[in-house]
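The residues making up each chain are set out below.
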Amino acid sequence: MSWNNTVIAVVAGDAREQEIARCAVRAGATVRAYGFPWPEEGIEGVYHAKDAADALKGADIALFPIPGITAEGALFAPKCPEKIIPTREMLEGMRKPGHIILGWGDANLKGHCAELGITLHEYEWDVDLMLLRGPAIVEGVLKVIIENTEITIHKSNICLVGQGTIGSLLTNTLVALGAHVHVAARNPVQRAAAYAAGAESLTLEQLPEYLPKMDIVIGSVPKRLLDRDQLKLLPKHALLVDVAAPPGTIDREAAAELGMKAIWARGMGARAPITVGRSQWSGISRRIEGILEQK
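Residues numbered from 1 in each chain as written. Predicted model: local features only at pLDDT ≥ 70, side-chain atom pairs only at ≥ 80, totals over all residues. Heavy atoms only, no water.

Per an unreviewed UniProt entry, the protein carries the name Stage V sporulation protein FA and comes from Aminobacter aminovorans.

Rendered as C-alpha coordinates:
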(Lines give C-alpha, C1' and ligand atoms only; values in the text may rest on other atoms or scores of the structure.)
Protein backbone atom coordinates (compact mmCIF):
# COMPACT_ATOMS: atom_id res chain seq x y z
CA MET A 1 0.00 0.00 0.00
CA SER A 2 1.46 3.36 -1.06
CA TRP A 3 1.47 6.31 1.34
CA ASN A 4 3.15 8.63 -1.18
CA ASN A 5 0.17 10.94 -1.68
CA THR A 6 -0.78 11.04 2.00
CA VAL A 7 -0.14 14.20 4.03
CA ILE A 8 0.13 13.68 7.78
CA ALA A 9 0.17 16.46 10.38
CA VAL A 10 1.78 15.66 13.74
CA VAL A 11 0.50 18.30 16.18
CA ALA A 12 1.40 18.78 19.88
CA GLY A 13 2.90 16.13 22.15
CA ASP A 14 6.37 15.51 23.52
CA ALA A 15 9.57 13.77 22.39
CA ARG A 16 7.58 10.69 21.37
CA GLU A 17 6.12 12.67 18.49
CA GLN A 18 9.62 13.15 17.07
CA GLU A 19 9.88 9.40 16.55
CA ILE A 20 6.30 9.15 15.29
CA ALA A 21 7.09 11.81 12.67
CA ARG A 22 10.20 9.89 11.59
CA CYS A 23 8.15 6.69 11.29
CA ALA A 24 5.58 8.49 9.13
CA VAL A 25 8.33 9.73 6.80
CA ARG A 26 9.79 6.22 6.53
CA ALA A 27 6.32 4.95 5.60
CA GLY A 28 6.35 7.33 2.61
CA ALA A 29 4.01 10.09 3.82
CA THR A 30 4.50 13.84 3.53
CA VAL A 31 4.78 15.06 7.13
CA ARG A 32 4.07 18.48 8.64
CA ALA A 33 4.67 19.08 12.36
CA TYR A 34 4.18 21.59 15.16
CA GLY A 35 3.92 21.77 18.94
CA PHE A 36 6.37 19.14 20.20
CA PRO A 37 10.06 19.63 21.13
CA TRP A 38 11.93 20.27 17.88
CA PRO A 39 15.51 18.94 17.73
CA GLU A 40 18.26 21.40 16.75
CA GLU A 41 19.17 19.25 13.75
CA GLY A 42 15.55 19.09 12.66
CA ILE A 43 13.81 15.91 11.50
CA GLU A 44 14.74 14.80 8.02
CA GLY A 45 11.81 14.93 5.63
CA VAL A 46 9.50 16.76 8.09
CA TYR A 47 8.23 20.31 7.50
CA HIS A 48 8.37 22.36 10.73
CA ALA A 49 5.21 24.46 10.61
CA LYS A 50 4.89 27.95 12.09
CA ASP A 51 1.75 27.03 14.05
CA ALA A 52 -0.88 24.31 14.39
CA ALA A 53 -3.06 25.71 11.60
CA ASP A 54 -0.06 25.71 9.25
CA ALA A 55 0.72 22.08 10.14
CA LEU A 56 -2.88 21.01 9.48
CA LYS A 57 -3.14 22.81 6.16
CA GLY A 58 -3.79 20.25 3.43
CA ALA A 59 -3.38 17.28 5.78
CA ASP A 60 -5.33 14.09 5.10
CA ILE A 61 -4.63 12.78 8.58
CA ALA A 62 -3.75 14.58 11.82
CA LEU A 63 -2.00 12.85 14.71
CA PHE A 64 -2.73 14.37 18.12
CA PRO A 65 -1.12 13.14 21.40
CA ILE A 66 -2.34 10.19 23.40
CA PRO A 67 -2.44 11.99 26.82
CA GLY A 68 -5.90 13.43 27.39
CA ILE A 69 -7.12 16.93 26.56
CA THR A 70 -7.26 19.44 29.43
CA ALA A 71 -10.51 20.85 30.82
CA GLU A 72 -10.06 23.97 28.69
CA GLY A 73 -9.62 21.88 25.54
CA ALA A 74 -5.84 22.12 25.09
CA LEU A 75 -3.85 19.28 23.56
CA PHE A 76 -0.99 17.81 25.59
CA ALA A 77 2.04 19.91 24.61
CA PRO A 78 4.18 20.54 27.72
CA LYS A 79 7.07 22.24 25.87
CA CYS A 80 5.02 24.38 23.49
CA PRO A 81 5.04 28.10 24.41
CA GLU A 82 1.34 28.41 23.54
CA LYS A 83 -1.74 26.34 24.31
CA ILE A 84 -2.95 24.37 21.32
CA ILE A 85 -6.75 24.33 21.44
CA PRO A 86 -8.24 22.93 18.22
CA THR A 87 -10.67 25.40 16.67
CA ARG A 88 -12.99 25.09 13.70
CA GLU A 89 -10.79 27.51 11.76
CA MET A 90 -7.69 25.45 12.52
CA LEU A 91 -9.29 22.16 11.49
CA GLU A 92 -11.07 23.32 8.35
CA GLY A 93 -7.71 23.64 6.60
CA MET A 94 -7.48 19.85 6.44
CA ARG A 95 -8.13 18.08 3.15
CA LYS A 96 -11.59 16.49 2.92
CA PRO A 97 -12.49 13.94 4.17
CA GLY A 98 -10.17 14.46 7.11
CA HIS A 99 -9.20 12.02 9.83
CA ILE A 100 -7.74 12.67 13.30
CA ILE A 101 -6.03 9.90 15.26
CA LEU A 102 -5.52 10.61 18.96
CA GLY A 103 -5.86 9.25 22.49
CA TRP A 104 -9.34 10.66 22.99
CA GLY A 105 -11.28 13.77 22.04
CA ASP A 106 -13.35 16.13 24.18
CA ALA A 107 -16.80 17.54 23.37
CA ASN A 108 -15.32 20.66 21.75
CA LEU A 109 -13.14 18.71 19.32
CA LYS A 110 -15.90 16.20 18.57
CA GLY A 111 -18.31 19.03 17.82
CA HIS A 112 -15.95 20.71 15.33
CA CYS A 113 -15.20 17.39 13.65
CA ALA A 114 -18.89 16.56 13.28
CA GLU A 115 -19.52 19.93 11.60
CA LEU A 116 -16.55 19.56 9.26
CA GLY A 117 -17.02 15.88 8.39
CA ILE A 118 -13.73 14.89 10.05
CA THR A 119 -13.58 11.37 11.51
CA LEU A 120 -12.04 10.85 14.94
CA HIS A 121 -10.13 7.63 15.69
CA GLU A 122 -9.51 7.25 19.45
CA TYR A 123 -7.01 4.74 20.82
CA GLU A 124 -6.35 5.73 24.45
CA TRP A 125 -8.05 2.60 25.74
CA ASP A 126 -6.51 0.06 23.33
CA VAL A 127 -5.11 -2.59 25.68
CA ASP A 128 -2.35 -3.73 23.31
CA LEU A 129 -0.93 -0.21 23.01
CA MET A 130 -1.24 0.36 26.76
CA LEU A 131 0.79 -2.77 27.38
CA LEU A 132 3.42 -1.75 24.82
CA ARG A 133 3.99 1.63 26.44
CA GLY A 134 3.30 0.33 29.96
CA PRO A 135 6.92 -0.46 30.97
CA ALA A 136 8.01 3.11 30.17
CA ILE A 137 5.11 4.51 32.20
CA VAL A 138 5.97 2.28 35.16
CA GLU A 139 9.62 3.37 35.01
CA GLY A 140 8.51 7.00 34.88
CA VAL A 141 6.29 6.57 37.95
CA LEU A 142 9.13 4.90 39.87
CA LYS A 143 11.35 7.88 39.00
CA VAL A 144 8.72 10.30 40.34
CA ILE A 145 8.39 8.34 43.58
CA ILE A 146 12.15 8.06 44.15
CA GLU A 147 12.74 11.77 43.47
CA ASN A 148 9.95 12.94 45.76
CA THR A 149 10.27 10.75 48.87
CA GLU A 150 12.78 10.24 51.65
CA ILE A 151 11.90 6.58 52.11
CA THR A 152 12.50 3.49 50.02
CA ILE A 153 9.80 1.86 47.95
CA HIS A 154 10.81 -1.35 49.71
CA LYS A 155 8.62 -1.80 52.83
CA SER A 156 6.66 1.41 52.15
CA ASN A 157 2.86 1.40 52.30
CA ILE A 158 1.48 2.18 48.86
CA CYS A 159 -2.15 2.47 47.82
CA LEU A 160 -3.06 2.11 44.16
CA VAL A 161 -6.51 3.43 43.27
CA GLY A 162 -7.57 1.68 40.08
CA GLN A 163 -6.36 -1.57 38.59
CA GLY A 164 -6.64 -1.26 34.84
CA THR A 165 -3.81 -2.10 32.46
CA ILE A 166 -1.32 0.44 33.84
CA GLY A 167 -2.48 -0.03 37.43
CA SER A 168 -1.91 -3.78 37.26
CA LEU A 169 1.60 -3.31 35.81
CA LEU A 170 2.39 -0.91 38.67
CA THR A 171 1.05 -3.41 41.21
CA ASN A 172 3.25 -6.22 39.90
CA THR A 173 6.34 -4.00 39.88
CA LEU A 174 5.81 -2.48 43.32
CA VAL A 175 5.11 -5.88 44.88
CA ALA A 176 8.32 -7.20 43.29
CA LEU A 177 10.23 -4.26 44.82
CA GLY A 178 9.03 -5.24 48.28
CA ALA A 179 6.39 -2.58 48.89
CA HIS A 180 3.28 -3.24 50.97
CA VAL A 181 0.78 -2.65 48.17
CA HIS A 182 -2.92 -2.03 48.72
CA VAL A 183 -5.15 -1.91 45.64
CA ALA A 184 -8.55 -0.20 45.76
CA ALA A 185 -10.81 -1.02 42.83
CA ARG A 186 -14.51 -1.24 42.08
CA ASN A 187 -14.20 -4.31 39.85
CA PRO A 188 -14.07 -7.58 41.86
CA VAL A 189 -12.08 -9.34 39.12
CA GLN A 190 -9.43 -6.62 39.28
CA ARG A 191 -9.33 -6.90 43.07
CA ALA A 192 -8.88 -10.66 42.79
CA ALA A 193 -6.04 -10.20 40.28
CA ALA A 194 -4.34 -7.74 42.64
CA TYR A 195 -4.66 -10.24 45.49
CA ALA A 196 -3.16 -12.97 43.29
CA ALA A 197 -0.24 -10.65 42.48
CA GLY A 198 0.55 -10.28 46.20
CA ALA A 199 -1.27 -7.05 47.05
CA GLU A 200 -4.01 -6.49 49.59
CA SER A 201 -7.24 -5.72 47.74
CA LEU A 202 -9.84 -3.20 48.93
CA THR A 203 -13.16 -1.85 47.76
CA LEU A 204 -13.34 1.91 47.22
CA GLU A 205 -15.56 2.11 50.28
CA GLN A 206 -12.73 0.69 52.43
CA LEU A 207 -10.28 3.45 51.48
CA PRO A 208 -10.96 5.70 54.53
CA GLU A 209 -9.92 2.84 56.81
CA TYR A 210 -6.54 2.37 55.10
CA LEU A 211 -5.51 5.86 53.98
CA PRO A 212 -4.11 6.93 57.39
CA LYS A 213 -1.40 4.25 57.04
CA MET A 214 -0.26 5.12 53.52
CA ASP A 215 3.10 6.62 52.54
CA ILE A 216 2.30 6.87 48.83
CA VAL A 217 -1.00 6.99 46.92
CA ILE A 218 -1.15 6.44 43.16
CA GLY A 219 -4.28 7.22 41.16
CA SER A 220 -4.81 5.61 37.76
CA VAL A 221 -8.53 6.17 37.13
CA PRO A 222 -9.64 9.12 34.93
CA LYS A 223 -12.34 10.00 37.43
CA ARG A 224 -12.08 12.07 40.62
CA LEU A 225 -12.21 9.46 43.43
CA LEU A 226 -10.01 11.02 46.13
CA ASP A 227 -11.53 14.25 47.42
CA ARG A 228 -10.60 16.64 50.22
CA ASP A 229 -12.24 14.61 52.99
CA GLN A 230 -10.31 11.49 52.02
CA LEU A 231 -7.04 13.38 51.57
CA LYS A 232 -7.35 14.72 55.11
CA LEU A 233 -7.05 11.13 56.35
CA LEU A 234 -3.55 10.72 54.92
CA PRO A 235 -0.38 11.40 56.93
CA LYS A 236 1.24 14.73 56.05
CA HIS A 237 4.32 13.05 54.54
CA ALA A 238 2.26 11.05 52.03
CA LEU A 239 3.15 11.50 48.36
CA LEU A 240 0.28 11.65 45.87
CA VAL A 241 0.99 10.60 42.28
CA ASP A 242 -1.77 10.86 39.69
CA VAL A 243 -1.08 9.03 36.41
CA ALA A 244 -4.65 9.21 35.10
CA ALA A 245 -5.94 11.19 32.14
CA PRO A 246 -7.98 14.35 32.90
CA PRO A 247 -9.56 15.04 35.29
CA GLY A 248 -7.36 12.59 37.22
CA THR A 249 -8.10 10.48 40.29
CA ILE A 250 -6.89 12.92 42.95
CA ASP A 251 -8.19 16.39 43.82
CA ARG A 252 -4.77 17.98 43.41
CA GLU A 253 -5.96 21.50 44.29
CA ALA A 254 -7.32 20.28 47.60
CA ALA A 255 -4.06 18.40 48.22
CA ALA A 256 -2.05 21.59 47.65
CA GLU A 257 -4.30 23.53 50.02
CA LEU A 258 -3.74 20.83 52.63
CA GLY A 259 0.03 21.20 52.24
CA MET A 260 0.51 17.83 50.60
CA LYS A 261 2.78 16.99 47.69
CA ALA A 262 0.68 15.94 44.69
CA ILE A 263 2.18 15.29 41.27
CA TRP A 264 0.17 14.88 38.09
CA ALA A 265 2.50 12.49 36.28
CA ARG A 266 1.10 12.91 32.78
CA GLY A 267 2.99 11.82 29.69
CA MET A 268 5.11 9.24 31.50
CA GLY A 269 5.51 7.44 28.16
CA ALA A 270 7.99 10.19 27.26
CA ARG A 271 10.44 8.54 29.65
CA ALA A 272 11.56 6.39 26.67
CA PRO A 273 10.42 8.40 23.63
CA ILE A 274 11.96 6.23 20.94
CA THR A 275 10.61 2.96 22.35
CA VAL A 276 7.17 4.37 23.15
CA GLY A 277 6.97 6.45 19.98
CA ARG A 278 7.53 3.33 17.90
CA SER A 279 5.00 1.32 19.91
CA GLN A 280 2.39 4.06 19.46
CA TRP A 281 3.21 4.15 15.76
CA SER A 282 2.39 0.44 15.51
CA GLY A 283 -1.20 1.27 16.48
CA ILE A 284 -1.37 4.53 14.56
CA SER A 285 -0.09 2.95 11.34
CA ARG A 286 -2.75 0.22 11.51
CA ARG A 287 -5.42 2.88 11.66
CA ILE A 288 -3.90 4.84 8.80
CA GLU A 289 -3.78 1.72 6.65
CA GLY A 290 -7.46 1.13 7.41
CA ILE A 291 -8.23 4.70 6.31
CA LEU A 292 -6.23 4.37 3.10
CA GLU A 293 -7.91 1.07 2.24
CA GLN A 294 -11.27 2.84 2.24
CA LYS A 295 -10.18 5.41 -0.31
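Turning to the nonpolar core, a few remarks are in order. Counting residues in hydrophobic clusters, the biggest one holds 26 residues, and the most contacted among them are V11, L56, F64, I84, L91, I100 and L109. Elements with a contribution of two residues or more to this core: β1 (7-11), α2 (52-56), α3 (88-91), β5 (99-102) and α4 (107-116). Once you skip the residues sitting within four places of it in the chain, I100 turns out to touch A62, F64, L91, M94, L109, C113, I118, T119, L120 and H121. (Core = buried A, V, L, I, M, F, W, Y, C linked by side-chain atoms within 4.5 Å. Buried < 20%, exposed > 50% of the residue type's maximum accessible area, 1.4 Å probe, protein only. Helix = DSSP H or I, 4+ residues; strand = E, 2+ residues; numbered from the N terminus. Contact = heavy atoms within 4.5 Å.)

Pairing is parallel in the open sheet, where six strands are placed in the order β9-β8-β7-β10-β11-β12. Each edge of the open sheet is held by one strand with a lone partner, namely β9 (200-202) and β12 (261-264). Strand after strand, the sheet turns through a mean of 20 degrees between neighbouring axes, direction not considered. Bridging between strand β8 (residues 180-184) and β9 involves three bridges; their strand directions are parallel. Opposite H182, over in β9, you have E200 as the bridge partner. Where helix α5 (residues 127-147) meets the sheet, its contacts fall on β10 (216-219), β11 (239-242) and β12, and the angle it forms with β11 comes to roughly 160 degrees. Where helix α6 (residues 165-176) meets the sheet, it contacts β7 (157-161), β8 and β10, and its direction lies at approximately 165 degrees from that of β7. (Pairing = 2+ DSSP bridges. Axes fitted to C-alpha atoms, helices over the stretch in contact; angles between N-to-C directions.)

Next up on the list: helix α11 (residues 273-293). Its 21 residues give α11 an end-to-end C-alpha distance of 29 Å, which sits within 8% of 30 Å, the value for a rise of 1.5 Å per residue. Of all the bends found along α11, the most pronounced is centred on S282 and spans about 25 degrees. Burial in α11 covers these residues: V276, G277, S279, Q280, W281, G283, I284, S285, R287, I288, I291 and L292. (Expected span 1.5 Å × (residues − 1). Bend = angle between axes of the 7 residues up to and from the residue.)

When the domains of the protein are assigned, the result is domain 1 (7-125) and domain 2 (129-270). Taken over C-alpha atoms, the centre of domain 1 sits 31 Å from the centre of domain 2. On the domain 2 side, the residues contacting the 12 residues of domain 1 number 10 residues. For the pair domain 1 and domain 2, the summed buried area comes to about 900 Å², and 66% of that belongs to carbon and sulfur atoms. The largest share of the area that domain 1 buries against domain 2 comes from R16, F76 and W125, three residues that together contribute 39% of it. For the pair domain 1 and domain 2, the interface holds zero salt bridges. On the surface where domain 1 and domain 2 come into contact, there are zero residue pairs in polar contact (both at pLDDT 80 or more). For the side of domain 1 that touches domain 2, a count of residues per class yields seven nonpolar, two polar and three charged. (Domains from an automatic or database assignment. Buried area = accessible area lost by both parts, 1.4 Å probe. Salt bridge = Lys/Arg side-chain N within 4 Å of Asp/Glu carboxyl O. Polar contact = N/O pair within 3.5 Å; in protein donor to acceptor, adjacent residues only side chain to side chain. Nonpolar A, V, L, I, M, F, W, Y, C, P; charged D, E, K, R; others polar.)

Here we take up unusual backbone geometry. Of note, the bond from K96 into P97 is cis; its omega dihedral lies within 30 degrees of zero at -10 degrees. Positionally, P97 belongs in the loop between α3 and β5. Between P246 and the following residue, P247, the backbone shows a cis peptide bond with an omega angle of 10 degrees. Along the chain, P247 falls in the loop between β11 and α10 (252-257). At A12, a position not held by glycine, the phi torsion is positive, near 70 degrees. One can find A12 in the loop between β1 and α1 (15-26). Even without a glycine there, the phi angle at K155 is positive, about 75 degrees.

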